[in-house]
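Descriptive structure summary
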Amino acid sequence: MRSGPLDRATSFCGKYGLKLPILLAPMAGACPPSLSIAVANSGGMGAMGALLTPPSGIRSWVQEVQSNSSGPFQLNVWIPDPKPRRDPENEARVRQFLETWGPPVPTAAGDAAVLPDFDAQCEAFLELAPRAVSSIMGVFPGAFVSRLKQRGIAWFATATTVEEAKIARDAGADAIIAQGYEAGGHRGSFDEAAAERQSVGLFALVPRLADVIDLPIIAAGGIGDGRGVAAALTLGASAAMLGTVFLRCPEAKTHPAWANALEHLEPEGTTLTRAFTGRLGRAIATDFVRAAGSHNAPPPAPYPVQRSLTTAMKEAGSAAGDYHRMQVWAGQSAAMAKPIPAADLVKQIWDQARNFTYAVMD
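Computed from a prediction, not measured in an experiment: that's the story for all the values here.

1. Overview of the overall build of the chain
Broken down by element type, the chain carries 14 helices and 11 strands. Along the first, second and third principal axes, the C-alpha set of the chain runs to 60 × 45 × 40 Å. Summarising the internal contacts of the chain: among those between residues at least 6 apart in sequence, 68% fall at separations of at least 24. A total of about 14,900 Å² of accessible surface is found on the chain, and carbon and sulfur atoms cover 52% of it.

Right, here's the structure in full:
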């Protein structure tokens, strides 16, 4: 007999040292230690998106969190993409297009698209031994998974489809992060070329995964309050992961222009785009994003080249406080974000979730 929503949540919390089944999403560049400290001290799980952070930075982040909280946290990293196929002619067109939105883009800007060493990041994860590590864009190598298990570190694998979840399960994942297409930031698709086609909504994905995957499901994408958490638990999840809803909390230290743009942002005010990085992600439908998606705009360069090409524009936009030229990721629940301390937000969300879950059970 399948366990009920609160039973699943209680079991998950007990296994991973949580007091409530709310996890902070690992938003690379938007997860300062202060936000994870607040979430973890409130009974949830903190998170670091380490995509752009070398091992030294990962160690510093962990040290600050552990100096201020005894709560659990996860460290997240992307599974590396194959080396991008460069198209110099198209990159020239992209640079020309971007110069209408910001400073001139150096010819060699795309050459600067170098990420931290993945293997070194993984070694740092093993050294630091968080309660969990999480993956996105694929699965960890088998040898690394074996070493995680030897160290007693759980692996939460992001999946955007049932097939991806099965691949992650067979590779040794301990839990599946079910990422619905409502989520802000990058899509976690294993096949980046299929990301648009594989746009599965969270509340179609979660119950199907619960039916066919015998692992805990962590629901992620478009959850902004306790009603969403309760719905996810009712549909088969053991916990919920939230990101955009925390971006207006003071501990998130979000750029004011970005944080203010989230207020009253309706679901249709966000869109999927490759304009910022070359990888598909959900962002605010800014003037730049709409222009980049028009028929006369050049196609974006592949990841991470496009990310480097857009750097000058994003930096100029940030300096000017112009969110239309900034990389402003946002999920479809953005309007539910509140400018209140993260601890208060966590409490509000879980109190509401419990009330709704009890009501469903009654």
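Additional details are given in the paragraphs that follow.
2. Re the pattern of salt bridges
Under the definition given, this model contains 15 salt bridges. Across the salt bridge formed by arginine 86 and glutamate 91, the nearest N and O atoms sit 2.5 Å from each other. The exposure class of arginine 86 is partly exposed, given its relative accessible area of 37%. Ionic pairing is found between arginine 274 and glutamate 196, a salt bridge with its closest N-O pair at 2.8 Å. Here arginine 274, found in the loop between β10 (270-273) and β11 (281-284), pairs with glutamate 196, found in the loop between β7 (185-186) and α8 (202-212); they are 78 residues apart in sequence, far enough to count as distant. A network of salt bridges, in which partner residues are shared, links Arg86, Glu91 and Asp111.

3. What to know about the side chain of threonine 273
Within the secondary structure, threonine 273 is located in strand β10. Side-chain polar atoms of threonine 273 contact the backbone nitrogen of alanine 275, separated by 2.9 Å. When sequence neighbours within four positions are dropped, the list of residues in contact with threonine 273 reads Arg279, Leu280, Gly281, Ala283 and Val289.

4. Focus: the sheet that holds β7
Overall, antiparallel pairing links the 3 strands, which are arranged β7-β11-β10 in an open sheet. Only two strands of the sheet have a single neighbouring strand rather than two, namely β7 and β10. Direction of pairing for β7 relative to β11: antiparallel, over a ladder of 2 bridges. Residue pairing across strands places histidine 186 opposite glycine 281, the latter belonging to β11.

5. Topic: the side chain of arginine 279
Note on placement: arginine 279 falls in the loop between β10 and β11. There is a polar contact of 2.6 Å between the side chain of arginine 279 and the side chain of aspartate 81. What arginine 279 contacts, discounting residues up to four positions off in sequence, is Trp78, Asp81, Met137, His186, Arg187, Ser189, Glu192, Thr273, Arg274 and Tyr303.

6. With respect to the environment of threonine 161
Note on placement: threonine 161 falls in the loop between β5 (154-159) and α7 (162-170). Put simply, threonine 161 and serine 199 are 38 residues apart on the chain and 8.5 Å apart in space, counted from C-alpha to C-alpha. Leaving out residues up to four positions away in the same chain, threonine 161 has contacts with Gln198, Leu205 and Leu209. Polar side-chain contacts of threonine 161 include one of 3.0 Å to the backbone nitrogen of glutamate 164.

7. Describing the nonpolar core
The nonpolar side chains of a soluble globular protein tend to be buried with one another. Counting residues in each nonpolar core, the largest one holds 111 residues, and the members touching the most others are Phe140, Phe156, Ile176 and Phe246. Element by element, the count of residues in this core is highest for helix α14 (residues 342-361), at 6 residues. The contacts of phenylalanine 246, once residues within four sequence positions are left out, are Leu24, Leu35, Val39, Ala252, Ala342, Leu345 and Val346.

8. A closer look at α7
Taken residue by residue, α7 has Glu164, Ala165 and Ala168 as its buried positions. Here the buried residues of α7 occupy an arc of 100° about the axis, which is enough to place them on one side. Where α7 is buried, its residues contact β5, β6 (175-179) and α8. At the C-terminal side of α7, glycine 172 shows a positive phi close to 110°.

9. A closer look at the sheet that holds strand β2 (residues 46-49)
Spatial ordering of the open sheet is given by β1-β9-β8-β6-β5-β4-β3-β2, a layout of 8 strands whose pairing is parallel. Strands with a single pairing partner mark the edges of an open sheet, and in this sheet they are β1 (22-24) and β2. On average, each strand axis in the sheet is inclined to that of its neighbour by 25°, with strand direction left out of account. Here strand β4 (residues 132-136) runs beside β5; their pairing, made up of 4 bridges, is parallel. Counterpart to serine 135 in the pairing with β5 is alanine 157. Each of β1 and β2 touches helix α2 (residues 33-41); the most contacted strand, β2, lies at about 155° to it. Strands β5 and β6 of the sheet are contacted by α7, whose axis makes an angle of about 160° with β5.

10. Description of the layout of surface pockets
Quantified by volume, the largest pocket comes out at close to 1,200 Å³. Around the largest pocket, the lining is made up of 48 residues, and of these Met27, Ala28, Gly29, Ala30 and Trp329 lie nearest the centre. Among the elements that make up the lining of the largest pocket, the one with the highest residue count is helix α13 (residues 311-320) (4 residues). By residue class, the composition of the lining of the largest pocket is 24 nonpolar, 19 polar and 5 charged. Roughly 390 Å³ of volume is contained in the second largest pocket. Taken together, 22 residues make up the lining of the second largest pocket; nearest its centre are Asp81, Pro84, Ala113, Leu115 and Pro304. Split by residue class, the lining of the second largest pocket holds 15 nonpolar, 2 polar and 5 charged.

About the cut-offs
- Residues numbered from 1 in each chain as written.
- Predicted model: local features only at pLDDT ≥ 70, side-chain atom pairs only at ≥ 80, totals over all residues.
- Heavy atoms only, no water.
- Helix = DSSP H or I, 4+ residues; strand = E, 2+ residues; numbered from the N terminus.
- Contact = heavy atoms within 4.5 Å.
- Areas by Shrake-Rupley, 256 points an atom, 1.4 Å probe, with all protein chains shown as cover.
- Salt bridge = Lys/Arg side-chain N within 4 Å of Asp/Glu carboxyl O.
- Buried < 20%, exposed > 50% of the residue type's maximum accessible area, 1.4 Å probe, protein only.
- Polar contact = N/O pair within 3.5 Å; in protein donor to acceptor, adjacent residues only side chain to side chain.
- Pairing = 2+ DSSP bridges.
- Core = buried A, V, L, I, M, F, W, Y, C linked by side-chain atoms within 4.5 Å.
- Arc of directions from axis to C-beta.
- Axes fitted to C-alpha atoms, helices over the stretch in contact; angles between N-to-C directions.
- 1 Å grid on protein atoms, 1.4 Å probe; cavity = no way out; pocket = protein on both sides within 12 Å on 5 of 7 lines; lining within 4 Å.
- Points joined across faces, edges and corners; volume = space filled by probe spheres on them.
- Nonpolar A, V, L, I, M, F, W, Y, C, P; charged D, E, K, R; others polar.

What is shown is where atoms sit, not what they do.
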